[in-house]
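Residue strings, one per chain:
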Amino acid sequence: MSRLARVATISVHTSPLDQPGTGDAGGMNVYIVEVAKRLAERGIEVDLFTRATSRALPPDVELAPGVMVRHVTAGPLEELDKSELPRQMCAFTSGLLRTEAAHEPGHYDLIHSHYWLSGQAGHAARLRWGVPLVHSMHTLAKVKNAALAEGDAPEPLGRVLGEQRVVESADRLIANTADEAEQLRTLYDADPHQVQTVLPGVDLRTFTPEDTEEARHRLGVPQDRAMLLFVGRIQPLKAPDVLVRAAAALVEREPRLRERLLVTVVGGPSGSGRTRPTELVELAARLGVADVMRFEPPCPQAELADWYRAADVTVVPSHSESFGLVAVESQACGTPVVAAGVGGLRTAVRDGESGVLVRGHDPVDYARVLADLLGAPGRLRRMSAAAVRHSRAFGWQTTVDRLLEVYTQAVGERAMAASA
Ligand code: UDP
């Protein structure tokens, strides 16, 4: 069997160099970077292809030993809205093919594309290079459209069709959870043999359960506060408004809590180029809870770990979530999670043990669950210990072990087909 020496990873719409937690950068960026670093540690070089969005960065940037970010010029050197990107795919794909053509034939052994746009480029490269295409969807348009938040625009038909084409052309599809694998099979008619479930990971060296008091001290959070935390891109799909409304319901239900409550939101607005989550700030003011809210800009994971440690509960009320890395990171730091019982969150949180899953998105339901937890410190402590135990199942090394199995199968099958 041919050795797996070099992987071409494609992430058209968001760069592995971007700070997750704002714009289009989130869990997928974290996934790509963490997997690439660990593949390189195991002797497999990774080239990460992304669209060039700035003149400030050189065409090639070393992200870690053995991991290069390759900037492909396709369209203007600036951020573009995701809806503009399909028009740049032709230029992106030719840039990708040109880069490979500058090397000896057989430079890459496998392509791993992320998100449907990258799958389009991956499809063309697969045909040209004769190597397997492994694809991760991260989110599915059909699933997203079935769970739209109020005011959220549906994903266009072009994306649904694009995803279908990727399903038809990929050698393997990586699903984050068994649920996503099922959705790929039932909604996109993917071949069961093609779909492999690989759980994403968490950086268990960064997200550790250290002392809450010290974390609060470092962040300037008073020790006597009951602190709820939201982390992530601020967009309707993640429903941070449900947390703000739940905070309002909580102080109405228990007025004495107002003086003690602190609701911290860490992250920036999604996909708009703005830096402040204006609508959320306004909503908090309208509901009379501006005084309990604290808004923090996105930050690197080392600092984020302190926010999780400082919180009593992390709240993840998303309408749809392919996995929900935030939920596992919080648990790894010993902070239980109250999450919507949707998508990957049902895998990420062990209901009743490491957190609580709430059906639906009624803020009053969240307020009730949160009031019960905040009023039961013993239960919170037990949940905290269970959360740390549960998070141990999600290391990136395990993710990479599984991915390598899938890569090896795909390369082996390709080699057999070529020799037949
Ligand atoms: N994140 C971060 N800094 C922030 C906010 C978020 O590094 O200020 C990271 C967070 O650690 C997590 C990712 O962004 O790994 C968000 O992933 P998740 O799966 O929760 O949501 P997605 O963005 O994929 O929808």
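All residue numbers here refer to positions counted from 1 along the written sequence of the relevant chain. For a predicted model such as this one, the threshold for reporting local features is a pLDDT of at least 70, and the threshold for listing and counting side-chain atom pairs is 80 or more; totals across whole chains, interfaces and linings nevertheless cover every residue. The side-chain figures draw on all heavy atoms in the structure; neither hydrogens nor water molecules are used.

Looking now at the overall build of the protein chain. Within the protein chain, the secondary structure is distributed over 15 helices and 14 strands. Taking 22 Å as the expected radius of gyration for a compact globule of 420 residues, we find that the protein chain reaches 22 Å, a close match to that expectation. Principal axes of the C-alpha set define a box for the protein chain whose edges measure 70 × 40 × 40 Å. Buried residues in the protein chain amount to 56% of all 420 residues. By the convention used here, residues are in contact when the closest approach between their heavy atoms is within 4.5 Å. Put simply, 67% of the contacts in the protein chain that link residues at least 6 apart link residues at least 24 apart. Going along the chain from the N terminus, every DSSP run of H or I of four or more residues is numbered as a helix, and every run of E of two or more is numbered as a strand. Each radius of gyration is computed over the set of C-alpha atoms, and the globule rule expresses the reference value as 2.2 Å times the number of residues to the power 0.38. Buried, partly exposed and exposed residues are distinguished by accessible area as a fraction of the type maximum, computed with a 1.4 Å probe on protein chains only: under 20%, between the cut-offs, and over 50%, respectively.

Our next topic: the packing of aromatic side chains. Two rings belonging to Phe, Tyr or Trp (six-membered ring only in the last case) form a pair when the distance between their centres is within 6.5 Å. Interplanar angles under 30 degrees mark stacking, angles over 60 mark edge-to-face geometry, and anything in between is tilted. Scanning the model with the defined rule gives five aromatic pairs in all. Judged by centre distance (6.0 Å) and plane angle (80°), the rings of Phe 49 and Tyr 108 are edge-to-face. You can see Phe 49 sitting in strand β2 (residues 45–51) and its partner Tyr 108 sitting in the loop between α2 (89–101) and β5 (110–114), a full 59 residues away along the chain. In this structure Tyr 108 comes out as buried when scored by relative accessible area, which is 1%. One aromatic cluster in this structure is built from Phe 49, Tyr 108 and Trp 129. Across from the ring centre of Tyr 188, 4.6 Å away, lies the NZ or CZ of Lys 142, which sits over that ring. The rule for a charge over a ring is simple: NZ of Lys or CZ of Arg within 6 Å of the ring centre, and within 35 degrees of the ring normal.

The sites that UniProt annotates as "binding site: UDP-N-acetyl-alpha-D-glucosamine" (unreviewed entry) are Gln 19, Pro 20, Gly 27, Arg 233, Lys 238, Glu 321 and Glu 329. What makes Gly 27 partly exposed here is its relative accessible area of 34%. Relative to the helices and strands, Glu 321 is located in the loop between β12 (313–316) and α11 (325–332). Not counting chain neighbours up to four residues away, the residues in contact with Glu 321 comprise Lys 238, Val 316, Val 342, Gly 343, Gly 344 and Leu 345. UniProt positions are given in the numbering used here, feature names are shortened, and annotations may be inferred rather than shown by experiment.

Once that is clear, we can look at the nonpolar core. Leu 228 and Leu 261 are the most contacted members of the largest nonpolar core, which totals 137 residues. Element by element, the count of residues in this core is highest for helix α8 (residues 240–253), at nine residues. Setting aside residues up to four positions removed in sequence, Leu 228 forms contacts with Leu 243, Leu 250, Leu 261, Leu 262, Val 263, Thr 264, Val 313, Val 315, Leu 370 and Leu 374. Residues grouped as a nonpolar core are buried Ala, Val, Leu, Ile, Met, Phe, Trp, Tyr and Cys residues, joined through side-chain atoms within 4.5 Å.

To continue, consider the sheet that holds strand β7 (residues 172–175). Only when DSSP finds a minimum of two bridges between them are two strands counted as paired. Pairing within the open sheet is mixed, and its eight strands lie in the order β3-β4-β2-β1-β5-β6-β7-β8. Looking at the sheet topology across the chains shown, the edges are occupied by β3 (60–64) and β8 (195–197). Direction aside, the axes of adjacent strands within the sheet are offset by 25° on average. Note: strand β6 (residues 133–136) against β7, three bridges, orientation parallel. For Ser 136, the partnering residue across the bridge sits in β7 and is Ile 174. Helix axes use the C-alpha atoms of the stretch in contact, all axes being lines fitted to C-alpha atoms, and the angles between their N-to-C directions lie in the range 0 to 180 degrees.

Here the term cavity refers to a set of points on a 1 Å grid, laid over the protein atoms alone, in which a 1.4 Å probe fits but cannot get out; the term pocket refers to an open set having protein on both sides within 12 Å along at least five of seven lines, with lining residues being those that place an atom within 4 Å of a point. Grid points are joined across faces, edges and corners, and a volume is the space filled by probe spheres set on the points. One pass over the full model with this rule turns up two cavities of 30 Å³ or more. Roughly 50 Å³ of volume is contained in the largest cavity. Considered as a void within the structure, the second largest cavity measures approximately 40 Å³ in volume. Lining the second largest cavity are His 13, Asp 24, Arg 51, Thr 53, Glu 79, Leu 80 and Leu 85. Among the residues making up the lining of the second largest cavity, the classes are represented as two nonpolar, two polar and three charged. Polar here means any residue outside two lists: the nonpolar Ala, Val, Leu, Ile, Met, Phe, Trp, Tyr, Cys and Pro, and the charged Asp, Glu, Lys and Arg; Gly therefore counts as polar.

Residues in a regular strand project their side chains so that they alternate between the two faces of the sheet. The element strand β4 (residues 67–72) is extensively covered by neighbouring structure, given that five of its six residues are classed as buried. Where β2 lies against β4, six bridges are found, and the strand directions are parallel. What sits directly across from Asp 47, in β4, is Met 68. Bridge count for β3 against β4 is four bridges, and the pairing is antiparallel. The residue bridging Asp 60 from the neighbouring strand is Arg 70, located in β4. The turn linking β3 back onto β4 is made up of two residues, and Gly 66 within it adopts a positive phi angle of 85°.

Before going further, it helps to spend a moment on the layout of surface pockets. For the second largest pocket, the calculated volume is near 460 Å³. Forming the boundary of the second largest pocket are 23 residues, of which Thr 212, Arg 216, Ala 311, Asp 312 and Leu 380 lie nearest the centre. The set of elements that each furnish at least two residues to the lining of the second largest pocket consists of α7 (212–219), α10 (301–310) and α14 (377–391). At four residues, α14 tops the list of elements feeding residues into the lining of the second largest pocket.

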